[in-house]
Amino acid sequence: MTIKTPQLRFESLVVHGGLETGTCGPTTVPIIQSSAFAYGTASALEDVFRGRKTGPVYTRLGNPTTEALEKRLAFLEGGVAAVATASGMAAIATAVMSIIRSGDEILASASLFGGTFSLFRDTLSNYGITTRFVDPTDVAAIRGGVTDRTRLIFVETIGNPRIDVPDISAIAAAAQEAGIPLVVDATISTPCLARGCDLGADIIVHSTSKYINGTGSTIGGVIIDMGRFGWRNDKFPHFAPFVKRYREFAFTARVRKLIHKDFGACAAPMNSFLLTEGLETLALRMEKHCANAIALAHFLNGHPKVTWVRYPGLAESPFHEVAARQFGGRFSGLLAFGLADREGAFRFIDHLRMAKNAANIGDAKTLVIHPASTIYCDYETEDKALLGVAEELVRVSVGIEHKDDIIEDFAQALGEA
Ligand SMILES: Cc1ncc(COP(=O)(O)O)c(C=O)c1O
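As the structure is a computational prediction, the values presented were derived from the model and not from experiment.

Basis of the calculations
Residues numbered from 1 in each chain as written. Predicted model: local features only at pLDDT ≥ 70, side-chain atom pairs only at ≥ 80, totals over all residues. Domains from an automatic or database assignment. Contact = placed C-beta atoms within 7 Å. Helix = DSSP H or I, 4+ residues; strand = E, 2+ residues; numbered from the N terminus. Pairing = 2+ DSSP bridges. Axes fitted to C-alpha atoms, helices over the stretch in contact; angles between N-to-C directions. Near = placed C-beta within 6 Å. Core = buried A, V, L, I, M, F, W, Y, C linked by C-beta atoms within 7 Å. Buried ≥ 20, exposed ≤ 12 C-beta atoms within 10 Å, placed from the backbone.

*Asks:* I keep staring at the domain arrangement of the protein and nothing clicks. Help me out?
*Replies:* Size of an interface: often given as the accessible area lost when the parts come together. Domain parsing of the protein yields domain 1 (7-279) and domain 2 (283-416). A straight line from the C-alpha centre of domain 1 to that of domain 2 covers 28 Å. Across the boundary between the two partners, domain 1 contributes 29 residues, which contact 32 residues of domain 2. Listing elements by their share of the side of domain 1 that touches domain 2, those giving two or more residues are α1 (10-16), α5 (114-123) and α8 (190-193).

Below you can see the structure in the form of structure tokens.
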């Protein structure tokens, strides 16, 4: 029996999507822990290699456990296909390198996760790719930043750690006018707050290590193709053979046949299993992350030692209106706040009793970090300023514990800050 998953609502899709079990089949996705897959005849294996038939051949190229995760995530985002990767960074690098070529430009948000910023500015620049960084909340700046060499626009749905919220549909319109794809990192909003197909993105990437996994147990990433970008376009002659053969699957085919295959950053079957298990509770967890975060943001906003709070759920946030419209009145679980200075931030973190001091987000547990001295410790002062990493900033990934326990923990630690 095959479940017709695309018809289901979100809360049902996170549980059933991609799970195609026959009579007496398992109710969880089986872990197919095998490097290679044997075929009865030489011509049967040739058929799969030549694309005449589908089937797994080698886990770097594809694996049934990983395929179940890919299908579920593609359904959830309203996409046509997905490729799971070893990490979120692998997803971003693979997606972007599948589009650009030496001499091209990326137009990227200046409010990016540090690893993505470093990939674009420090790594890809060694291979003839230039990135222009612009304020993602300024659509005029985005339009003005497009040149005849720009081949993609890259933004995060909620900037980490600036916690700003770009208007994705307005940016999608600018990308469409320029004839280039919009690649969106939706790690922090997740498809629970907004589906990629509704946002207007052409390609969605996630670090599945975060909310999708939800337990902090597994590193992973995914690239989801909305299947609607017109690759038959003078700017993308390298897509021509893929468009001809794979039509709306052209981008995914190019990902699978080149960068994903050649760089080899594939998902391990065990990790795909753990991510699929985690994903099943995404809808429930996001409700709690969002409810706890707004409660904590209000508490911090009224605290005398807190100098500022960044959370789009607060009515006074400059991003409240766009976030409310884009994410259906929910604002995810990530916030940042300022204390008097770096020493105050350190004293606060040192006195927390329940929340953990760790370089991660999207865990069921509340996590805090002082980004300037950790994730961004090697960055120049001007780069930290560009990315919104102030010395007094504490980033909080609000967990799903009881909200009063989180607030009581923060209250006692702030007392010592
Ligand atoms: C928004 C965002 N994108 C991508 C990444 C990279 O993901 P990963 O650590 O799975 O490579 C992170 C990691 O923190 C992130 O916060």
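*Asks:* It is not clear to me how the sheet that holds strand β7 (residues 221-225) should be interpreted in this structure. Could you clarify?
*Replies:* Note: strands within a sheet are paired through backbone hydrogen bonds, in either parallel or antiparallel orientation. With mixed pairing, seven strands are arranged side by side in an open sheet as β1-β7-β6-β5-β4-β2-β3. Sheet topology places β1 (81-85) and β3 (130-134) at the edges, where each strand pairs with a single neighbour. Neighbour to neighbour, the strand axes of the sheet diverge by 20 degrees on average, direction disregarded. As defined by bridge partners, strand β6 (residues 203-207) adjoins β7 across five bridges and the pair is classed as antiparallel. Note on β7: the bridge partner recorded for I204 is I224. Strand contacts of helix α7 (residues 168-178): β4 (150-156) and β5 (182-185), with the helix running at about 175 degrees to β4, the strand carrying the most contacts.

*Asks:* Please clarify how the site of the ligand should be interpreted in this entry.
*Replies:* Surrounding the ligand, one finds 16 residues, the nearest of these being S87, G88, M89, S207 and S209. Among the elements of the structure, α4 (88-97) and α5 are those that each provide at least two residues to the shell around the ligand.

*Asks:* Explain the nonpolar core here, please?
*Replies:* Soluble globular proteins tend to bury their nonpolar side chains together. V96, I153, I203, I223 and L335 are the most contacted members of the largest nonpolar core, which has 124 residues in total. At eight residues, helix α14 (residues 282-301) tops the list of elements feeding residues into this core. Among the domains, domain 1 (7-279) and domain 2 (283-416) are the pair contributing at least three residues each to this core. With residues up to four places along the chain from it excluded, the contact list for I203 reads A95, P181, V183, I223, I224, D225, M226 and F251.

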